[in-house]
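# Reading the structure
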Amino acid sequence: MDTFGGFPVSIHIDNGRRRKHIFEIDLSSKYPGHKILIDTMKEFVKVSFVQASSEAFGNTVGMLGDFKTGKKYARDQVTVISDFNELGNEWQILPSDDMLFHDISYPQFPERCMLPEDPQGQRRS
């Protein structure tokens, strides 16, 4: 993948013990200094925004929620969801969605996503 939405994409791969991948989408051509970073490690995905602003992200919709209010919405963009497990299940990829990943893997809708051991993301002692 060289571009996403017309913006250049660079991919950084750490083949070490963590097998981490970072996809950097550079929005500088339209929004100077703005980037979207997508980190993947095992089954986890993290999305970060560099220099996020209302100008660039003020009208966004989707599973990351409303930029201005921070509210997270269901696919209908009306129902507010505050439970992250419920949000994840709401946004699980459906057969009607475009192919987002190279491989089709377990679980697939209508089977629910696997929940993390610790939904708060805290390290076990």
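Residues numbered from 1 in each chain as written. Predicted model: local features only at pLDDT ≥ 70, side-chain atom pairs only at ≥ 80, totals over all residues. Heavy atoms only, no water.

## Some words on the overall build of the protein
Here is the rule: Numbering of helices and strands runs from the N terminus, with a helix taken as a DSSP run of H or I at least four residues long and a strand as a DSSP run of E at least two residues long. Using a 1.4 Å probe on the protein chains alone, a residue whose accessible area is under 20% of its type maximum counts as buried, one over 50% counts as exposed, and one in between counts as partly exposed. Any two residues whose heavy atoms approach within 4.5 Å at even a single point are treated as in contact.
Each helix and strand in the protein was counted, giving two helices and five strands. Taken from N to C terminus, the helices and strands of the protein fall in the order β-β-β-β-β-α-α. Within the span of the protein, comprising 125 residues, buried residues form 18% of the whole. Sequence-distant contacts, at least 24 apart, represent 8% of the contacts inside the protein between residues at least 6 apart.

## Quick notes on a nonpolar patch on the surface
The condition is simple: Here, patches come from residues exposed beyond 30% relative accessible area and free of salt bridges, joined within 9 Å for like charges and within 5 Å for nonpolar side chains (Val, Leu, Ile, Met, Phe, Trp, Tyr). Methods summary: accessible areas were calculated by the Shrake-Rupley approach with a probe of 1.4 Å, and residue burial reflects only the protein chains presented. Each reported salt bridge corresponds to a side-chain nitrogen of Lys or Arg within 4 Å of a carboxyl oxygen of Asp or Glu.
The grouping of Val-45, Val-47, Phe-49, Met-63 and Leu-64 at the surface amounts to a nonpolar patch, some 430 Å² of accessible area in total. Along the polypeptide, Phe-49 turns up in strand β5 (residues 44-50). Of the residues examined, Phe-49 reaches a relative accessible area of 35% and is grouped as partly exposed.

## Here's the deal with the sheet that holds strand β2 (residues 7-14)
Across a sheet, strands are paired by hydrogen bonds formed along the backbone, either parallel or antiparallel in direction. Rules: Pairing between two strands requires that DSSP report at least two bridges joining them.
Strand order across the open sheet formed by five strands is β1-β2-β3-β4-β5, with antiparallel pairing between neighbours. This sheet does not close on itself; its edge strands, each paired only once, are β1 (3-4) and β5. With seven bridges joining them, strand β4 (residues 35-41) and β5 adopt antiparallel strand pairing. Bridge pairing links Ile-38 to Val-47 in β5.

## Some words on the pattern of salt bridges
Enumeration according to the criterion identifies two salt bridges in this entry. A salt bridge links Glu-24 to Lys-35, with the nearest nitrogen and oxygen atoms 3.3 Å apart. Taken together, the positions of Glu-24 in strand β3 (residues 20-26) and Lys-35 in strand β4 put the pair 11 residues apart, joining distant regions of the chain. Classification of Glu-24 by relative accessible area gives buried; the value is 18%. Under the relative-accessibility criterion, Lys-35 is labelled partly exposed at 25%.

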